[in-house]
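# Structure assessment
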Amino acid sequence: MSTKLVIGLDGHSSGERALEFAKTLAGQIGACELLVVYVIEWSPYSFQTAEENAQRHKRREEEISTAQDRVVTPAIKKLTDGGLSATGKVRHGNVADTLNDIAKETGAAQIIVGRSTESGLSKRIFGSSTANLVMEASVPVTVVN
């Protein structure tokens, strides 16, 4: 039986550090499956017309495709080129909730993320996605500096 690790990427250098850490950890573990995840922050709570909802759906699909092409696919290639088993997915939603849900759905043993790059007023009011994940996760979370 192999160990499953979820790697949360953010499209920044912190995500790259998380990916490198996961790659090293997977090499130490041996039989390991890596799931690379990119979450596009999105809230379902808004009031829009039917036309606006149709446009929003189209934008969501474009965002998923762009994230897959620019972030997830290159990360998977980096891992598989290193001889590791890796897959990926892109989802919309709250970052902490979505990563935790994916970890539970897949039976992951751990979630690996980079330290948040959020700062300023937004972080003070809402907290960082990383901090929220650490507080709410159902499995251990490794935060890479």
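Residues numbered from 1 in each chain as written. Predicted model: local features only at pLDDT ≥ 70, side-chain atom pairs only at ≥ 80, totals over all residues. Heavy atoms only, no water.

### Some words on the pairing of strand β2 (residues 32-41)
Along β2, 8 of the 10 residues are buried, which leaves the element largely enclosed by surrounding structure. Bridge analysis of strand β1 (residues 3-9) against β2 gives 7 bridges, and the strand direction is parallel. Its bridge partner lying in β2, Lys-4 is registered against Glu-33. Running through helix α1 (residues 13-29), the crossover from β1 to the neighbouring parallel element β2 is right-handed. (Buried < 20%, exposed > 50% of the residue type's maximum accessible area, 1.4 Å probe, protein only. Helix = DSSP H or I, 4+ residues; strand = E, 2+ residues; numbered from the N terminus. Pairing = 2+ DSSP bridges. Right-handed = clockwise from strand over helix to strand, strands pointing away.)

### Examining the sheet that holds β1
Here 5 strands make up an open sheet; going across it, the order is β3-β2-β1-β4-β5 and the pairing parallel. Among the strands making up the open sheet, the edge pair consists of β3 (85-93) and β5 (141-144). Between one strand and the next, the sheet's axes are offset by a mean angle of 25°, whatever the strand orientation. Relative to strand β4 (residues 110-114), β1 runs parallel, the two being bridged by 4 bridges. The residue bridging Val-6 from the neighbouring strand is Ile-111, located in β4. Sheet strands in contact with helix α2 (residues 50-81) are β1, β2 and β3, and its direction is about 155° off that of β3. (Axes fitted to C-alpha atoms, helices over the stretch in contact; angles between N-to-C directions. Contact = heavy atoms within 4.5 Å.)

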